[in-house]
Amino acid sequence: MQRLAETCEAIAATTKKLQKTAIVAGYLKSRSTDEAAISAVFLSGRAFPAWEETTLQVGGALLWRVVADLSRKDEAALTAAYRKHGDLGAVAGDVLPERTGQGLGILEASEVFRKIAAARGPAAKAAVVRNLLERATPLEAKYIVKIMTGDLRIGMKESLVEEAIAKAYGSTLAGGLEPVQRANMLLGDIGETLRLAVAGKLAEAKMRLFHPLGFMLASPIASAEEGLSYFAEPAVEDKYDGIRAQAHVSEGEVKFFSRTRDEITESFPELPDALAGLPQDAILDGEIVAWEQPGRARPFSVLQQRLGRKK
């Protein structure tokens, strides 16, 4: 983790995209495949691959309490550190003490993240988080907390990790960046994409039912004419203001995923039955829209009330 944290510091120190990509590529190339695969996920600002529904369920308040306890700083000192950095991870790196024997491996950190996700209740989670941060160096703790909060704040995006993979393992790839992007879109797992790149097997990436794919997004164009020029038989339709979703259907089972690849099936109980009768397995990409009679879409605010509701 120390080497990854040092790499993150170097990434944060430059605004140049090519330099960031080169730093990440060099780091990935220097690690074992297992370490590089997990690092790719961490560098995307996640504890787990995008397709997984696993979450840490650790809030900022819990992290603040653990950092306060381990640092032995009073509330005033911690608040001053937060005002200085504006980021809890940076605060952890600033206030946590350095001790002999500290240091974690990448694989070890990944295993502990899964223990945190599996722990039930705030007290159990806090105990595992405390043990993790106590064993980490201050610089490791800085980026462990950043990964846990889902924001590295170093100017990294998953697309840059894709470019770094293409650069690091170019000797095993044909086609450069595009096959890396395609594999990651199909798998929703930047770590698994890296493994395939190392083995020169990106073409073997396949979409999997109930593993949400990366969503296709719009790209800006100069004019309508340019947009229509890409298609032999273009068609145009109204854009309804709904919620972009992906439906996965197989043998009567239906699940819906949001654009962030979170499962949202329970938020829309009216919809699964409408697709459960499809005669073959399918993955559908579209828009969830609320309708009123006769044939008119209701405002987006009506749909928004459904998201995140437990019932």
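For the structure itself, consult the block above.
We now turn to the structure provided with this report. None of these values were measured; they are calculated from a predicted model.

**Thoughts on the layout of surface pockets**
Logical step 1: By volume, the largest pocket amounts to about 1300 Å³.
Logical step 2: Every element with two or more residues in the lining of the largest pocket is listed here: helix 9 (138-149), helix 10 (158-168) and helix 11 (177-187).
Logical step 3: Classifying every residue of the lining of the largest pocket by side-chain character gives 14 nonpolar, 13 polar and twelve charged.
Logical step 4: Considering only enclosed or pocket space, the second largest pocket measures out at about 880 Å³ in volume.
Logical step 5: Every residue lining the second largest pocket is counted, 23 residues in all, and those nearest its centre are Ala218, Ala235, Glu237, Asp238 and Lys239.
Logical step 6: Sorting the residues of the lining of the second largest pocket by element identifies helix 13 (224-228) and strand 3 (282-288) as the ones contributing at least two each.
Logical step 7: Looking at the lining of the second largest pocket residue by residue, the classes come out as 13 nonpolar, three polar and seven charged.

**Overview of a nonpolar patch on the surface**
Logical step 1: Taken together, Ile221, Tyr230 and Phe231 make up a surface patch of nonpolar side chains, about 360 Å² in accessible area.
Logical step 2: Residue placement: Phe231 occurs in the loop between helix 13 and strand 1 (243-250).

Cut-offs applied
- Residues numbered from 1 in each chain as written.
- Predicted model: local features only at pLDDT ≥ 70, side-chain atom pairs only at ≥ 80, totals over all residues.
- Heavy atoms only, no water.
- 1 Å grid on protein atoms, 1.4 Å probe; cavity = no way out; pocket = protein on both sides within 12 Å on 5 of 7 lines; lining within 4 Å.
- Points joined across faces, edges and corners; volume = space filled by probe spheres on them.
- Helix = DSSP H or I, 4+ residues; strand = E, 2+ residues; numbered from the N terminus.
- Nonpolar A, V, L, I, M, F, W, Y, C, P; charged D, E, K, R; others polar.
- Patch = residues over 30% accessible without salt bridge, like charges linked within 9 Å, V, L, I, M, F, W, Y side chains within 5 Å.
- Areas by Shrake-Rupley, 256 points an atom, 1.4 Å probe, with all protein chains shown as cover.
- Salt bridge = Lys/Arg side-chain N within 4 Å of Asp/Glu carboxyl O.

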